[in-house]
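# Architecture and fold: a report
Next come the chains, spelled out residue by residue.
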2 protein chains.
Amino acid sequence: MKNLSKKISTKALPGFMELLPEDQIVFNRMKTVIRDSYESFGFIPMDTPLIERSEVLLAKAGGETEKQIYRFKKGDNDISLRFDLTVPLSRYVSEHLNDLTFPFKRYQIDKVYRGEKPQKGRYREFYQCDIDIIGREKLSFVNDAEILAVIYEVFSNLDLPPVLIRISNRKLITGLMNSLSLAKKSVEVMRIIDKAEKISLADFKKSLTSLKLDKKSIDLIVKFIGIKGSVAEVIKELSLLNIDNDIFNQGLAELKAVISNVKSFSLPAKAYTIDLAIARGLDYYTSTVYETNLKDYPQIGSICSGGRYDDLSDNYSSQKLPGVGISIGLTRLFSQLKELGLIKKTGVSPVSVLIIPFDEKFVPRAIEVSRELRVGGIKNEVYFESAKFKDKLSYANKLKINRVIIIGEDELAGNFLSLKDMDSGGQKKIKSKELIKSLTA
Amino acid sequence: MKNLSKKISTKALPGFMELLPEDQIVFNRMKTVIRDSYESFGFIPMDTPLIERSEVLLAKAGGETEKQIYRFKKGDNDISLRFDLTVPLSRYVSEHLNDLTFPFKRYQIDKVYRGEKPQKGRYREFYQCDIDIIGREKLSFVNDAEILAVIYEVFSNLDLPPVLIRISNRKLITGLMNSLSLAKKSVEVMRIIDKAEKISLADFKKSLTSLKLDKKSIDLIVKFIGIKGSVAEVIKELSLLNIDNDIFNQGLAELKAVISNVKSFSLPAKAYTIDLAIARGLDYYTSTVYETNLKDYPQIGSICSGGRYDDLSDNYSSQKLPGVGISIGLTRLFSQLKELGLIKKTGVSPVSVLIIPFDEKFVPRAIEVSRELRVGGIKNEVYFESAKFKDKLSYANKLKINRVIIIGEDELAGNFLSLKDMDSGGQKKIKSKELIKSLTA
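Quick look at the structure, then. (Residues numbered from 1 in each chain as written. Chains lettered and ligands numbered in written order. Predicted model: local features only at pLDDT ≥ 70, side-chain atom pairs only at ≥ 80, totals over all residues. Heavy atoms only, no water.)

A separate point is the overall build of chain A. Across its full length, chain A holds 16 helices and 16 strands. Projected onto the principal axes, the alpha-carbon positions of chain A cover approximately 90 × 55 × 50 Å. When each of the 441 residues of chain A is scored for burial, the buried share is 59%. Taking contacts inside chain A between residues at least 6 apart in sequence as the whole, the part at least 24 apart equals 68%. Accessible surface, chain A: about 18800 Å² in total, of which carbon and sulfur atoms supply 50%. (Helix = DSSP H or I, 4+ residues; strand = E, 2+ residues; numbered from the N terminus. Buried < 20%, exposed > 50% of the residue type's maximum accessible area, 1.4 Å probe, protein only. Contact = heavy atoms within 4.5 Å. Areas by Shrake-Rupley, 256 points an atom, 1.4 Å probe, with all protein chains shown as cover.)

Once that is clear, we can look at the side chain of Lys392 of chain A. Residue and element names in this part refer to chain A. Looking at the secondary structure, you find Lys392 in helix α14 (residues 389-398). Buried and unpaired, Lys392 has no salt bridge, with Asp359 as the nearest side chain of opposite charge at 7.0 Å. Engagement of the side chain of Lys392 in a polar contact is seen with the backbone oxygen of Phe358, the distance being 3.1 Å. Not counting residues up to four positions away in its chain, the partners in contact with Lys392 are Leu354, Ile356, Pro357, Phe358, Asp359, Tyr383, Glu385 and Ala387. (Lys, Arg positive; Asp, Glu negative; His and termini not counted. Salt bridge = Lys/Arg side-chain N within 4 Å of Asp/Glu carboxyl O. Polar contact = N/O pair within 3.5 Å; in protein donor to acceptor, adjacent residues only side chain to side chain.)

Listed as interface residues are 106 residues of chain B and, on the opposing side, 106 residues of chain A. Between chain B and chain A the total buried area reaches about 9100 Å² when both faces are included, carbon and sulfur atoms providing 57% of it. Interface area lost by chain B to chain A is led by Thr10, Glu18 and Asp47 of chain B, which between them contribute 7%. Counting the contacts that link chain B with chain A gives ten salt bridges. Two residues, Lys11 of chain B and Glu95 of chain A, come together in a salt bridge whose shortest N-O distance is 3.4 Å. (Buried area = accessible area lost by both parts, 1.4 Å probe.)

Now for the sheet that holds strand β14 (residues 403-407) of chain B. Paired through their backbone hydrogen bonds, the strands of a sheet run either parallel or antiparallel. Residues and elements named next belong to chain B. Pairing in this open sheet of five strands is mixed, and the strands run β13-β12-β14-β15-β16 from one edge to the other. Sheet topology places β13 (380-382) and β16 (427-431) at the edges, where each strand pairs with a single neighbour. Direction aside, neighbouring strands of the sheet carry axes that sit 25 degrees apart on average. With three bridges connecting them, strand β12 (residues 353-357) and β13 associate as parallel partners. Along β13, the bridge assignment pairs Leu354 with Glu381. Along the sheet, helix α13 (residues 363-375) makes contact with β12, β13, β14 and β15 (416-421), crossing β12 at roughly 160 degrees. Sheet strands touched by helix α14 (residues 389-398): β12, β13, β14 and β15. Its angle to β12, the strand with the most contacts, is close to 170 degrees. (Pairing = 2+ DSSP bridges. Axes fitted to C-alpha atoms, helices over the stretch in contact; angles between N-to-C directions.)

On to the pattern of salt bridges. All told, the structure shown has 58 salt bridges over all chains when counted by the stated rule. Asp203 of chain A is the partner of Lys206 of chain A in a salt bridge, and the nearest nitrogen-oxygen pair spans 3.8 Å. Here Asp203 of chain A and Lys206 of chain A lie together in helix α8 (residues 201-210), a separation of three residues that amounts to about one turn. Its relative accessible area of 57% is what places Lys206 of chain A among the exposed residues. With its nearest N and O atoms 3.6 Å apart, the salt bridge here joins Lys345 of chain B to Asp23 of chain B. Residue Lys345 of chain B is found in the loop between α12 (330-339) and β12, and its partner Asp23 of chain B is found in helix α1 (residues 21-40); the two are separated by 322 residues along the sequence. Exposure remark for Asp23 of chain B: the relative accessible area of 6% places this residue in the buried category. Ionic contacts of the salt-bridge type, sharing partners, join the residues Arg166, Glu197, Asp275, Arg280 and Glu291 of chain A into one network.

What follows covers helix α5 (residues 142-157) of chain A. Residue and element names in this part refer to chain A. An ideal rise of 1.5 Å per residue puts 22 Å on 16 residues; α5 measures up with 22 Å between its terminal C-alpha atoms. Burial analysis of α5 places twelve of its 16 residues in the buried class, which makes it a mostly covered element. What α5 keeps buried is the set Val142, Asn143, Asp144, Ala145, Glu146, Ile147, Leu148, Ala149, Val150, Ile151, Val154 and Phe155. Trailing α5 by a residue or two, Asp159 shows a phi angle of about 60 degrees, which is positive. (Expected span 1.5 Å × (residues − 1).)

Along the chain, Gly62 of chain B turns up in the loop between α2 (54-58) and α3 (63-68). According to the relative accessible area criterion, Gly62 of chain B is partly exposed, its value standing at 38%.

Nothing here speaks to function; it is all geometry.
Below is the structure:
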């Protein structure tokens, strides 16, 4: 088969991230930190099939999704790869409604697929790390405040530079539009608002003018998204707008409820803010919305977004299931952090100790020591191959394992072990009995 | 959209396992135990794309794989879902040959896809938990012994009933066949040997006769696979067969090397045996082969199989890359254990403590206590919804959270907390400062 060697490309497909061990270990550690943070608030693990019926995935999807989805036939089945974790959640909750306890708090950390044009920072296969809290008929707004606390906790635990979590409530814009008798243009206006921070004020106004909004409306929208200050100040300014619309006032009441509860979670004041320019126009959210940025790296955009929706499963279930949730796009986040040099590499191996038998004769003793360490909770490995001693040490160097235990004639005869520190190069004799204590000290 | 509710099925596709939280938590715990066991021996995590070029996956595949594979086009790309983790490993090692350190020890715990007819115990989507040790040009047979120790460690850590790991060496059968001038029938004979333990001796002989083997050859094969006893006895009997064939003798020497090294790993003698009826006829193994059974449940077949191969990547690379590895089919194993009643359920939630504010007024204090517990490393959640007190307790019951902290007027005024044990029904007052100590005692 050797003649095939030139023909088959061994590269991963474009748009599919494939990491070398050193990066993979960091990536997996991030996944574990996110999982543990989610679990510490009581979110329950979920694992749904990667393949779903196309009619399930596409029931509510728009044109862009239909273009990007990986859809195919297997036998008579029209099936697709999931493009997010929310539609599978919706199907799962509808299917298992009577077996679940509500509020249902679940997390899912899994790959999703979108056949986008591969380009920098865009992946066709990527991890989403989602949490959602689903109520039955109703759901307290304390949950929206807790989600904010979860976001803060996750990124603190990930040991990333400071984040700023921005929240708003979509009913504010919807109500504002309704009060201006512009309900039909609400979605288009939200899309323009989403772009507001990337364009000049003049261009922003021009975009709104092109939707045939009058000057009074445009001025009010500009005034609205321009409201800044502490959360208390923003809420006060919103009240002072005196907008006589039920939806607007409901949005304001909801935002107040979230903000007043956030205080109980002891978040530092500088970790979150109300930002009325967040609309998430393309999403299905109906109330609270979230975006999260690294304060010092605004260029990478939102690293964690989400919001509250009125009904998770209106496609499949007649129960009303309000929910609130967020998603971290981990693959993209990882690649951005790597590019910014913010990834702290921790090693190329999960072990911190390599045991080197000087030659074959000392392999049994090396295995014995390895086992003792493993029983003592210390991950380790033995170098089994016959090689020159310096090549054995070089294996430890390449895997960045900085402690090496050497076993040879002297060690066996004297019933001790030699422990070499690969960083300092120093070497010392240790009694077998004291090895674990010495390694965990 | 409500009118769609009857039309779209919310069931997972047939052949795709979907678990409720209580089972999912057990399943994930098993995954974590396997991962930690693998890492404790120095295996490095790997995560390859689920989608590969079809030509990569099918380069060496036979007819059955071509039928079962999920293959489709996206744009101009002919792509497929991986059907195992070995072919992606082979591609990965060839692609990153110069960035990896050898011996390369990696694990991958991931889903694979095979469009088999859905039937009991057969899944179209299932987890494989693989380890492989890949050498460059050569690889010590101590590794084959270590793999045996890893298998034993994994199933001990999973707390399953006792396992029996059966090993053999495929060169013994190949050499035996060559010595009988039956090399061309070697693969067919291996397939029959694989079935030997499921059929009668008469049927076994009949199958061999149908391949037109003479009586002398059949008798020798029957004698060969009938050799039983301690590992020392089996090795002695194999020598006494006096088979004058280099491959046979090489297989015997390799088997001896593995067995002599296994002793150093301190495996109990009853945990492993040589079983010459293991051939793994459909696989690519060329030397050591493994199968693993639950001693008391032989009916569920092998739960962990593998072996050694001469060259991982002959399709893509001109380097010779000998390796040895095993795979656990976790989805199938889980479903079998569940059917046998061997799954120990641990709960429906990752948390062990629920905090119940008596009414809305006590939510801030509940959040404060929750945060203190989380900082102290205790996963917990707060019940935020307004509901009758007994419904709040019922939430704890349904999620099998057996400790509940209640916060109401008395607790707030007296600066204490009420801790209720849901199993016993008992309730006691605890000072806030002593809560963590009391919960971890």
